[in-house]
Every structure is written in C-alpha cells, then in structure tokens.
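Tertiary structure, described
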Amino acid sequence: MTKIGFLSFGHWRDVPGSKVRSGREALVQAIDLAVAAEEAGVDGAYFRVHHFAPQQAAPFPLLSAIAARTDRIEIGTGVIDMRYENPLYMAEEAAATDLISGGRLQLGVSRGSPETALAGYRSFGYVPEAGDDNGADLARDHTAVFRRAIAGEPMANANPHMTGAVGSLAVTPLSDTLAERIWWGAGTRATAEWTAEQGMNLMSSTLLTEDTGVPFDELQAEQIARFRSTWADMGWERRPRVSVSRSIIPIIDDESRHYFGVRAQVEGQDQVGHLDGGLARFGRSYIGEPEHLVAELAADRAVREADTVLVTVPNQLGVDFNARLLAAVKDVFTEVDAAPAAV
C-alpha cells in the first residue's frame, strides 16, 4: 500500500483569508495537523525548510514536538538545504529527535531550491570553494560529514586529561538505524543515480530541473527507474524507499470548491519554465471530485512506482480544512492502490 504523507511549507502571513498569521501559529498548527493526520490514518508529516522567509526554518524543535504528541506517524523534512547546516550539530539534533520519536524520523536533505536570500548560507558562515557557484558541492560535502557522524564514526580527538585515554570520539546521542532513513531530494535523472550510489533514499518533488518533452509523470518514472537500477548495481542490501510529491485537492465540500474549483481548469496540466538558468518541467495539480482523482492518479506512472506520496497542503487554510483534505486523499489512495496499473 502506498504511504501517504503531507508536505507543508509552513507559510504564515498576516493577510486577509490567512488562518496562519504568525510564526507561532505556523508551528502550533503544524503540530495539531500532524496529530489530526495521524488520527485520519495518514502515514507521514513532512516539512519544507526555507531560510530568510515566513516559513518553517528550524525543523528539529518542531519535529520533536510532533514526536511527543504522536505515536505512529513518520516525521520528516522535504528538504533541508544542507548548504546552511553545521553537519555535527545537525547530527546531534537529528539523533535526539529520532530517539524521542522512537525511530520515526525520515530526513530529506539536498542542495535546496532558489531562495529569497542571495547565497544566504554565506551569512550562516558557510562559503563554497571557488567554482562551486551555487553551493552544490558544499551541500554534498556537509551531507557526507553528517552521514558519517550519525553512523557513529569518530569526529574529534579525545582529551586525555578528561577521558584518561587517547582516542577518538563520536557525536552523541546516536540512533542506530537513522543512517538508513536519509533521503536526497533529486531534481534530475543523473542526480537520482548519484543518490543511489550514495545509498540514500530518493525524494522527488513536483518539478524536475530538466525537460525531455515527455509528460512529467513519465520523466519522473524514468528517474525512479534509473535510481533503482543503479541501486541494484551498487549491491546495497536493504530495499530503498522512493517518494514523489503531488498537489492533490479533492473537491469534497463547498469550501474546497470555493478555493480550488476554478484552479482545476488552469493547473490540470504540466508546465514548462525556467529555473536555475535552465528548463524545468512542473507536474500538474490533481483537483477534482474524488472518483475522478482515483482514475487520474492511477494513471500517473511515477505515483504507481513510488512507495510514498507526499501531498503538498495549503497550510494557510488552517488545521480543520487540511485535516479533511488529507482524510479524503487517504480514501482516494485506498482506491488507487486497488486499481489496475495503466498499461
């Protein structure tokens, strides 16, 4: 069965119509939505991380709070921009959060997406090497150190005056299986292959930063196939996980029809545009009556290939609206999973 999670950007803004008007409301409502999602049978609560913007920026306090209020739901990110992170401090934070949750943390990491700040990671103290114009190598270097740290590798020399011995020290605490639950947010087919080479799970978004002229779901399905083929070639023993993100709005009442009914006519097809200096293909939104969504999602090749679907939520419409939306999406996927795969 497909795992269903929600992906929230954690927007807040004090404007008419917004039910999330402050940073505090964004955090508190995120916790309440995760609790409601667990009650509705949803499998995951994931949060996008953006800096220098009115959105979620510091995931670990939020994820720890959700862990303390829930019992079953996975908690995670999609994604943390590793250009901004101190890898060892992040390793401590991640392990502590995972231990609080009882091993439910699923961490999506990557280089990140275009941001409001110009090279904001430099303000955090992280400066890429010459030639690393967008910090991609910096993000990968930070990720490599982070992964070694959470695996328990020594990261510092022991002080013999304190320890009574000469040796090396790992960061603490450690969570034994966290290293198996790191996902890389890949925007291309080549990056998906690199992700498999590193032994990380694959997280694929609602856009790809390349375009071959085929529909988005077919291009993303090819990305997933390349990831799994490379994974098999590497000989990794465990089975990897793959997630895709989708904008899915079941029209189930007057409120959902009011907010999204007209948008179904505009957003029901792929879009091609420019991102980071190149072509990108953006996946369509799925908006409509639940029975229509079942047929459409059952025909989405990437959705059928993934084991996890992350549903982007309009968090500024509040907890009650999004809880109803997620319950409806969960019902839709019960039928999608039972539908025969498209030939």
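Heads up: the structure comes first, above all this text.
Below is a summary of the structure that appears in this document. Predicted, not measured: the structure shown is a model, and the values here were computed from it.

1. Observations regarding the nonpolar core
Counting 72 residues, the largest nonpolar core has Phe-6, Leu-107, Phe-146, Ile-248, Leu-297 and Phe-333 as the members making the most contacts within it. Sort the elements by how many residues they give to this core and helix 13 (residues 319–338) lands first, with eight residues. When neighbours within four sequence positions are excluded, Leu-297 is seen to be in contact with Ile-248, Tyr-286, Val-303, Arg-304, Val-332, Phe-333 and Val-336. Counting six residues, the second largest nonpolar core, distinct from the first, contains Leu-7, Tyr-46, Val-79 and Met-203.

2. Quick notes on unusual backbone geometry
Across the junction of Gly-78 and Val-79, the peptide omega takes the value 5 degrees, indicating a cis bond. With respect to the secondary-structure elements, Val-79 resides in strand 3 (residues 74–81). Here the bond from Thr-172 into Pro-173 is cis, since omega is 0 degrees, no more than 30 degrees from zero. The residue Pro-173 is located in the loop between strand 6 (168–169) and strand 7 (182–185) in this model. Of note in the backbone geometry, Phe-52 takes a positive phi value of approximately 55 degrees without being a glycine. When you line up the elements, Phe-52 lands in the loop between strand 2 (44–47) and helix 2 (59–69). Judged by relative accessible area, which is 48%, Phe-52 ranks as partly exposed.

3. Points about the sheet that holds strand 10 (residues 242–246)
Judged by pairing direction, the barrel is parallel, and its eight strands sit side by side in the order 1-2-3-4-7-8-10-15 before closing back on the first. Averaged over all pairs of adjacent strands, the angle between their axes in this sheet comes to 25 degrees, without regard to strand direction. In this sheet, strand 2 lies alongside strand 1 (residues 3–8) in parallel orientation, the contact comprising four bridges. Residue pairing in the sheet places Ser-8 in a bridge with Phe-47 of strand 2.

4. Concerning helix 7 (residues 189–198)
Within helix 7, burial applies to Arg-189, Thr-191, Ala-192, Trp-194, Thr-195 and Ala-196. Tucked inside the fold, the buried residues of helix 7 contact helix 5 (136–150), strand 7, strand 8 (201–204) and helix 8 (216–234). Backbone geometry just after helix 7 places Gly-199 at a positive phi near 80 degrees.

5. Re the side chain of Asp-98
Residue placement: Asp-98 occurs in helix 3 (residues 87–101). A relative accessible area of 0% means that Asp-98 is categorised as buried. Only 2.5 Å separates the side chain of Asp-98 from the side chain of Ser-175, close enough to count as a polar contact.

Parameters at a glance
Residues numbered from 1 in each chain as written. Predicted model: local features only at pLDDT ≥ 70, side-chain atom pairs only at ≥ 80, totals over all residues. Heavy atoms only, no water. Core = buried A, V, L, I, M, F, W, Y, C linked by side-chain atoms within 4.5 Å. Buried < 20%, exposed > 50% of the residue type's maximum accessible area, 1.4 Å probe, protein only. Helix = DSSP H or I, 4+ residues; strand = E, 2+ residues; numbered from the N terminus. Contact = heavy atoms within 4.5 Å. Pairing = 2+ DSSP bridges. Axes fitted to C-alpha atoms, helices over the stretch in contact; angles between N-to-C directions. Polar contact = N/O pair within 3.5 Å; in protein donor to acceptor, adjacent residues only side chain to side chain.

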